[in-house]
Amino acid sequence: MREEDNETRRRVRDGDRAAFALLYERHARAVYNHGLRLTGDWSTAEEVMSETFLAAWRARTRVEEDGGTLLPWLLGIATHKAENARRGFRRRQGFLARQQQPRPQEDFAGETAGRIDDARRLRAVHASLGRLRRQEREVLALCVWGGLDYRQTADALGIAVGTVRSRLSRARRKLAAMAEEGMERGGERSGARGETTGEAASAALTAGEKLA
């Protein structure tokens, strides 16, 4: 599999559009999910995914021949794109908060109920992640949800393996403390229907497989 990945690397670096299309087919979903975890918004995650592959194509000549799967490289690009999107979203929120808000129109259509609940749950989990430092949030998303090992995460973010370990450890400790705090408060609401502060932190903490 590694040799196949290295062949894809060489073809992508040489500007082979068919190889790049295959790269997209293999990893678009993972890049989208990573963007969603970091931004907490479906449409923004789609933008992050599009911008990531556009940036990857433009930077293809910097891809090394050897190194296995290109997923860590793509997720590293997506991490930066997601942070830019988060900053832009905060600016837009600040602008809208200063404007007169229209009266909300409630929609009780059954086909939208599940989507609304999913959005609320996503916001609750994302709010818990928002209490982490950006560096901790990124490492958690790459290691726990993205399935990268410590070395791949280090390569994606351009940091040392030891830094990955320490940031991940801090992130897990903070989320565990949030979960415990939520339980001690007896299920304090976080703004999402049926979702509590403790539950949201626990979901963020336990998502994905445990690293060895």
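Draft legend 1. Expanded view of helix H2 (residues 17–39). Its axis deflected by about 55 degrees at His27, H2 carries its strongest bend there. Buried within H2 are the following residues: Ala19, Phe20, Leu23, His27, Ala28, Val31, Tyr32, His34, Gly35, Leu36, Leu38 and Thr39. Backbone nitrogen of Ala18 and a side-chain oxygen of the N-cap are separated by 2.9 Å at the start of H2; the cap is Asp16. Immediately beyond the C-terminal end of H2, within one or two residues, lies Gly40, with a positive phi of roughly 70 degrees.

Draft legend 2. Representation of the environment of Arg2 in the model. Assignment of secondary structure puts Arg2 in helix H1 (residues 2–13). What makes Arg2 partly exposed here is its relative accessible area of 48%. Those residues in contact with Arg2, other than ones at most four positions away along the chain, are Asp66, Gly67 and Gly68.

Draft legend 3. Region of the structure containing the packing of H1 against H2. Close contact between H1 and H2 brings their axes to 8 Å; oriented N to C, the two are set at 125 degrees. The angle between H1 and H2 falls in the class oblique. For H1 against H2, the interelement crossing comes out left-handed. Across from Glu4, Asp5, Thr8, Arg11 and Val12 in H1, the residues of H2 making contact are Ala18, Ala19, Phe20, Leu23 and Arg26. For the contact of H1 with H2, the per-class residue count stands at five nonpolar, one polar and four charged.

Draft legend 4. Molecular detail of the nonpolar core. The biggest cluster of nonpolar side chains holds 44 residues, and the ones touching the most others in it are Phe20, Val31, Phe53, Leu132, Leu140 and Leu168. At the level of elements, H2, helix H3 (42–58), helix H4 (71–97), helix H6 (134–145), helix H7 (150–157) and helix H8 (161–184) are the ones that each hand at least two residues to this core. Once you skip the residues sitting within four places of it in the chain, Val31 turns out to touch Met49, Thr52, Phe53, Leu74, Leu75 and Ala78.

Draft legend 5. Spotlight on the packing of aromatic side chains. Under the counting rule described, the total for this entry stands at three aromatic pairs. Each ring, one from Phe20 and one from Trp57, has its centre 5.1 Å from the other, and the planes form 70 degrees; the classification is edge-to-face. On the criterion of sequence distance, the pair formed by Phe20 in helix H2 and Trp57 in helix H3 is long-range, its members being 37 residues apart. Comparing Phe20 with Trp57, the two get one shared label, buried. Measuring from ring centre to ring centre gives 4.8 Å for Tyr24 and Phe53, while their planes differ by 65 degrees; the resulting arrangement is edge-to-face. On the criterion of sequence distance, the pair formed by Tyr24 in helix H2 and Phe53 in helix H3 is long-range, its members being 29 residues apart. We classify Tyr24 as partly exposed; its relative accessible area is 38%. Given a relative accessible area of 5%, Phe53 falls into the buried group. Site record: aromatic cluster; members linked through ring pairs are Phe20, Tyr24, Phe53 and Trp57. Here the basic side chain of Arg60 rests over the ring of Trp57, its NZ or CZ set 3.9 Å away from the ring centre.

The rules behind each value
Residues numbered from 1 in each chain as written. Predicted model: local features only at pLDDT ≥ 70, side-chain atom pairs only at ≥ 80, totals over all residues. Heavy atoms only, no water. Bend = angle between axes of the 7 residues up to and from the residue. Helix = DSSP H or I, 4+ residues; strand = E, 2+ residues; numbered from the N terminus. Buried < 20%, exposed > 50% of the residue type's maximum accessible area, 1.4 Å probe, protein only. Polar contact = N/O pair within 3.5 Å; in protein donor to acceptor, adjacent residues only side chain to side chain. Contact = heavy atoms within 4.5 Å. Axes fitted to C-alpha atoms, helices over the stretch in contact; angles between N-to-C directions. Parallel < 35°, antiparallel > 145°, perpendicular 65-115°, else oblique. Left-handed = near helix turned anticlockwise from the far one by under 90°. Nonpolar A, V, L, I, M, F, W, Y, C, P; charged D, E, K, R; others polar. Core = buried A, V, L, I, M, F, W, Y, C linked by side-chain atoms within 4.5 Å. Phe/Tyr/Trp six-rings, centres within 6.5 Å; stacked < 30°, edge-to-face > 60°. Lys NZ or Arg CZ within 6 Å of the ring centre and 35° of its normal.

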